[in-house]
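Residue-level structure breakdown
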Amino acid sequence: MPLPLLIALFCVLWSSAFAGAKMALADCPPLILLSARLLIAGAIMIALAWSVDGRPNLKRRDVLALVFIGILNNSVYLGLNWTALTFTSSAYTAVLTSCLPLIVALAAGPLLGERMTVMKWAGIGLGLVGVVIVLRSRLAGAHESVAGTLLVGGGVMALSAGTLAFKYLRPRGGVWTGNAIQCLAGGLTLVPIALASESTADIHYTTSLFAGLAYLVIAVSIGGFGLWFYLLSRSSATAASSLHFLMPPLGLFFGWLLLGEAVPPLDILGVVPIAFGIWLVTRPARA
């Protein structure tokens, strides 16, 4: 499949995950649902890995690196985001998560040797202005809570660290094997936390729960994260994370379409400098 189509598919899958998770969370506590999603997806991808990549030839360092990245990307990032989604809107979560490239760009210089320019600094500044506009719109209007904002912010920091760790540690293994290990590591880490903090009595076995879980497992965990690590392995951390500049408008769209979430005018105003700022941060330098 051509690269532009893969990028477009990734953006749709990733941005729709917020609304999809929000729908499934109506019938199941967040960490129990997330643990089930990760373990089911991990088991499926282990089977795919053996059939597509063959028997994995991984060193101990590779496995430890993938486990570490999986805990950051799945246990911490998704755990915080899904907990926040129980009392924040999917669109707001998508907009805040789209700031990933700005955080990655700040750390990619000292960690990965990626060069910072005046345009990149200007882009980071514009992105922060957009975030402030969205935060002011949502918090001042009492649409969202400070607690939810902090949870999503912590999740974005974890995803940024996982992105940088993937590029810095460069673990071996195919896309399926690497993603399977990360999902299983994230799921196994979350199981004791979920059982200690949530009750299985709060699960409602509805059609929407099973449909939402199936979508999150197949489309997002297997499809979305598989595409993410494929694209990340083919480009720099900053360039790959630039795909998130499409998340704010897509996140607002899916929140409105699937959940009927209102879109305040200031959200649209804030999305513009975020998208333009991320474009400045990630645009290729002239030869």
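Residues numbered from 1 in each chain as written. Predicted model: local features only at pLDDT ≥ 70, side-chain atom pairs only at ≥ 80, totals over all residues. Heavy atoms only, no water.

The next thing to look at is the confidence of the model for the chain. For the chain, per-residue confidence averages 81 on the pLDDT scale, and 86% of positions sit at 70 or higher. When mean pLDDT is compared element by element in the chain, helix H3 (residues 60–85) scores highest at 93, while helix H10 (residues 237–241) scores lowest at 57. (pLDDT = per-residue confidence, 0-100. Helix = DSSP H or I, 4+ residues; strand = E, 2+ residues; numbered from the N terminus.)

Here the structure, examined in full by the defined rule, presents one aromatic pair. On the numbers, 6.3 Å between centres and 25 degrees between planes, the contact of tyrosine 205 with phenylalanine 210 is stacked. (Phe/Tyr/Trp six-rings, centres within 6.5 Å; stacked < 30°, edge-to-face > 60°.)

Attention shifts here to the nonpolar core. Counting residues in each nonpolar core, the largest one holds 49 residues, and the members touching the most others are Phe10, Trp14, Leu33, Tyr77, Leu78, Trp82 and Trp228. Listing elements by their share of this core, those giving two or more residues are helix H1 (3–24), helix H2 (30–52), H3, helix H5 (100–112), helix H7 (146–169), helix H8 (175–197) and helix H9 (207–233). Looking at this core element by element, the count peaks at 12 residues for H9. Contact partners of leucine 78, with chain neighbours within four places excluded, come to Leu34, Arg37, Leu38, Asn73 and Phe225. By size, the runner-up hydrophobic cluster in this structure holds 15 residues, among which are Cys99, Leu102, Ile124 and Ile274. (Core = buried A, V, L, I, M, F, W, Y, C linked by side-chain atoms within 4.5 Å. Buried < 20%, exposed > 50% of the residue type's maximum accessible area, 1.4 Å probe, protein only. Contact = heavy atoms within 4.5 Å.)

With that settled, consider the packing of H3 against H8. Axis separation between H3 and H8 bottoms out at 7 Å; the angle between their running directions is 60 degrees. Here H8 runs oblique to H3, going by the angle between their axes. In this structure, H3 meets H8 at a crossing whose hand is right-handed. From H3, Val63, Leu66, Val67, Ile69, Gly70, Ile71, Asn73, Asn74 and Ser75 reach across to H8, where they touch Gly178, Ile181, Gln182, Cys183, Ala185, Gly186, Thr189 and Leu190. (Axes fitted to C-alpha atoms, helices over the stretch in contact; angles between N-to-C directions. Parallel < 35°, antiparallel > 145°, perpendicular 65-115°, else oblique. Left-handed = near helix turned anticlockwise from the far one by under 90°.)

With that out of the way, let us pick up the pattern of salt bridges. All told, the structure shown has one salt bridge when counted by the stated rule. We note a salt bridge from arginine 61 to aspartate 62, for which the minimum N-O separation is 3.7 Å. In this structure arginine 61 comes out as partly exposed when scored by relative accessible area, which is 46%. (Salt bridge = Lys/Arg side-chain N within 4 Å of Asp/Glu carboxyl O.)

Judged by side-chain polarity, Phe253, Trp256, Leu257, Val263 and Ile268 come together as a nonpolar surface patch covering roughly 480 Å² of accessible area. Per element, the largest residue contribution to the nonpolar patch is three residues, and it comes from helix H11 (residues 247–259). Here leucine 257 lies in helix H11. Take leucine 257: its relative accessible area is 48%, and that puts it in the partly exposed class. (Patch = residues over 30% accessible without salt bridge, like charges linked within 9 Å, V, L, I, M, F, W, Y side chains within 5 Å. Areas by Shrake-Rupley, 256 points an atom, 1.4 Å probe, with all protein chains shown as cover.)

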